[in-house]
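Descriptive structure summary
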Amino acid sequence: MPVRTEREWTRDDPYRAPDSSDPAGSRRGACRVAGPGSQAVTSFGEPEAASGALRGGTSRRRVRRGGGAPLPLLVPALIGLTFLIVPLVALLVRAPWRSLPGQLTSAEVWQALRLSLVCATAATAVSLVVGVPLAWLLARVEFPGRGLVRALVTLPLVLPPVVGGVALLMALGRNGVVGRWLDSWFGITLPFTTAGVVVAEAFVAMPFLVISVEGTLRAADPRYEEAAATLGASRFTAFRRVTLPLIAPGIAAGAVLAWARALGEFGATITFAGNFPGRTQTMPLAVYLALQSDPEAAVALSLVLLAVSVAVLAGLRDRWMTTGG
Amino acid sequence: MDDRWTAARRKAAPAVRSEAFDAFDGFETVEAFDAFDAFDAFEEGLDARLVVARGAFRLDVSLRVAPGEVVALLGPNGAGKTTALRALAGLTALTGGRLRLDGVELDGMPPESRPVGVVFQDYLLFPHLSALDNVAFGPRCQGVTKAQARARAAEWLRRLGLAEHVGVKPRKLSGGQAQRVALARALATRPRLLLLDEPLAALDARTRLEVRAQLRRHLAEFEAVAVLVTHDPLDAMVLADRLVVVEDGRVVQEGDPSDIARHPRSDYIARLVGLNLYRGESDGHVVRLDSGPSITTTEVLSGPVFVAFPPSAVTLFRDRPTGASARNLWRCEVAGLETHRDQIRADLSGELPLAADLTTVAAAELDLHPGAEVWATVKATQTHAYPV
């Protein structure tokens, strides 16, 4: 991995920041206005109804009254807005529109894009299979140390992804705590493979799903499960036939967040899975690499990711609007 | 669940009867259930002593209910009625006592294995399922095939007059319809114990009247044990054959509705049915109250008694009435006044705290206002004393 200066590193950063904190951030803000939504602040996919009510309620009215916004608030607000928008506009302005068709139809781009989509989807699937039950456990079962477990689950959310990658190497690397046995017993090697990309992305993305689903579960009325029990449903049947359909919108929102996070994952992937074209080189890695040799290609690739992000956001907005109304 | 339940019953029944039980194994119809009941009359119904301790609150309620009987647990909010219901359903664990249904111990059995159906206060219909699938949910959980479960559900909905609403999602149902779907859902599992938590509380006044009458009819048709919980005395009296009044976690009175209305044994019931109620020691015609004054009655009793009289039996005077005709005469002070239909109810404190009803004209003539001093009399013939 070539050494980059700090200034250059930061260029990669914005595109981690927007997709991880933007949709969540806007909801957080909405929750704070409400006051009683303090529980919602801790999680992302939290009560859709609550945020929906807010959107149509006090917060909207307050924003509309903002015609007379005081300058000490208005000026920094506009600076902040500009700061968030200008880089994206710059990306569009500097896009090599003429050579774009050629850039985007090259084999490498499609390879990287396909790998990214496949790995992000696989990571989301893994997160769903183990993350939803984990969220149920955290929301519905009282056990000692539950608070600690929840903190551990959320840790990857705030952990720098590179650290996550190093941690994964220590655990699942060839000489890792677990990886050693995987290698000698089953001949399974995860680092620097496509499966390794999925592992790294799932590690970083799963907490988003767990926190989102747990929030939805807490907001869902547990008495529906009791009603199911009185009708003869075992706890698992009640979960499968009653709880799961009830929290489906929360699961979908969590899955989309996790997927977007996995798609943009850079640090843990490059640390744990490396940067082999066709095998572990996902879009963000391709962008990073292209920027050194062919900046035009980097911009073209970035545009693709931007388009995907916008599509995801539009999808989420639509969901929030319709389910929260 | 059906199978497990049958097996459990068979274990509880005397061995000689096992052949006869086998003959009934394949029962599919309600009629077969009835025959089963008639045959197996030895320890039918509910026999429970529910003890639930939670912090400072302790519920200790004994219940015996025969099949076909409807019992209402009536009491103020926080009396422990809902806790009792949850304990019967298995949603709250007993800390003591016993819980037997048709001779089988239910305590320790998980809720999904109990032959119990519950109609929850806000119905808790599954919002993602149609009315039909809500009702079919129970039979499906009991292992019935999807087609059979739906057929059974459709039959229940038809029986409750909801044939046109089979495919409708709960949020499109009116309050009364949702209540009937909830009842159908509970009945579709063929429970031996039907529990209803405040079945009419979620309805507005107009639908309430209609639904109350319907519910009464459906409960009368139900062949097993039904227990309902309510804080509304009218609901309890219309729907139930027997009332169990629960206050502060224990039973304060039990009996048929008219008996309880005429002979209340607690302030709560007396207020609900609109009576002044006192407790005292009777000696001949005179009852000396625990609080001091005495009341003359027509009954001749001795020992501890209750005395009750309606607020309409009270006559008020601004000045002490002359003549000795009214032996029941007390000096009181007006503590409050409120309009009660076309009358005014005066809340009096003083020698004997009581409620008195009078016309608006009389109230104006007496110039009643809070703090005013009045004399209250009651004729002995309008009081009613009965032993504690």
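The structure displayed is predicted, hence computed values, not measured ones.

1. Quick notes on the packing of aromatic side chains
All names here are of chain A. Following the criterion strictly, the structure yields 9 aromatic pairs over all chains and no others. Residues Trp185 and Phe186 carry aromatic rings whose centres are separated by 6.5 Å and whose planes lie at 75° to one another, so their mutual orientation is edge-to-face. The two residues Trp185 and Phe186 agree in class, both being exposed. Taken together, a centroid distance of 6.3 Å and an interplanar angle of 80° make the contact between Phe192 and Phe276 edge-to-face. Of this pair, Phe192 sits in the loop between helix H11 (179–186) and helix H12 (194–219) while Phe276 sits in the loop between helix H15 (267–272) and helix H16 (283–293), and the two are 84 residues apart along the sequence. Judged by its relative accessible area of 35%, Phe276 is partly exposed.

2. A short note on the environment of Thr297(B)
Residue and element names in this part refer to chain B. In this structure, Thr297 sits in strand E12 (residues 294–309). For the pair formed by Thr297 and Ser282, sequence separation is 15 residues and the distance between their alpha carbons is 9.4 Å. Every residue in contact with Thr297, bar those within four places of it in the chain, is listed here: His285, Val287, Val307, Ala380, Thr383 and Ala385. A polar contact of 3.3 Å, which involves the side chain of Thr297, links it to the backbone oxygen of Glu299.

3. What about the interface of chain B and chain A?
Note: interface size is frequently given as the accessible area lost on complex formation between the parts. Listed by partner, the interface residues are 21 residues for chain B and 18 residues for chain A. Note on chain B versus chain A: buried area summed over both sides is about 1700 Å², and carbon and sulfur give 66% of it. The largest share of the area that chain B buries against chain A comes from Glu112(B), Leu124(B) and Phe137(B), three residues that together contribute 30% of it. Linking chain B to chain A there are 2 salt bridges. Between Arg223(A) and Asp122(B) there is a salt bridge, with the nearest N and O atoms lying 2.7 Å from each other. The tally of links between chain B and chain A comes to 4 residue pairs in polar contact (both at pLDDT 80 or more). Sorting the residues of the side of chain B that touches chain A by element identifies helix H4 (81–89), strand E6 (116–119) and helix H5 (131–141) of chain B as the ones contributing at least two each. Here the side of chain B that touches chain A gets 4 residues from one element, more than from any other, and that element is H5(B). Here the residues of the side of chain B that touches chain A are counted per class, giving 13 nonpolar, 3 polar and 5 charged.

4. What about the confidence of the model for chain B?
Summarising the model, chain B shows a mean pLDDT of 84, and 88% of its residues fall at 70 or more. A low-confidence stretch, residues 10–42 of chain B (pLDDT under 50), is modelled with 36 contacts involving residues beyond four sequence positions or located in other chains.

Thresholds, definitions, all that
Residues numbered from 1 in each chain as written. Chains lettered and ligands numbered in written order. Predicted model: local features only at pLDDT ≥ 70, side-chain atom pairs only at ≥ 80, totals over all residues. Heavy atoms only, no water. Phe/Tyr/Trp six-rings, centres within 6.5 Å; stacked < 30°, edge-to-face > 60°. Buried < 20%, exposed > 50% of the residue type's maximum accessible area, 1.4 Å probe, protein only. Helix = DSSP H or I, 4+ residues; strand = E, 2+ residues; numbered from the N terminus. Contact = heavy atoms within 4.5 Å. Polar contact = N/O pair within 3.5 Å; in protein donor to acceptor, adjacent residues only side chain to side chain. Buried area = accessible area lost by both parts, 1.4 Å probe. Salt bridge = Lys/Arg side-chain N within 4 Å of Asp/Glu carboxyl O. Nonpolar A, V, L, I, M, F, W, Y, C, P; charged D, E, K, R; others polar. pLDDT = per-residue confidence, 0-100.

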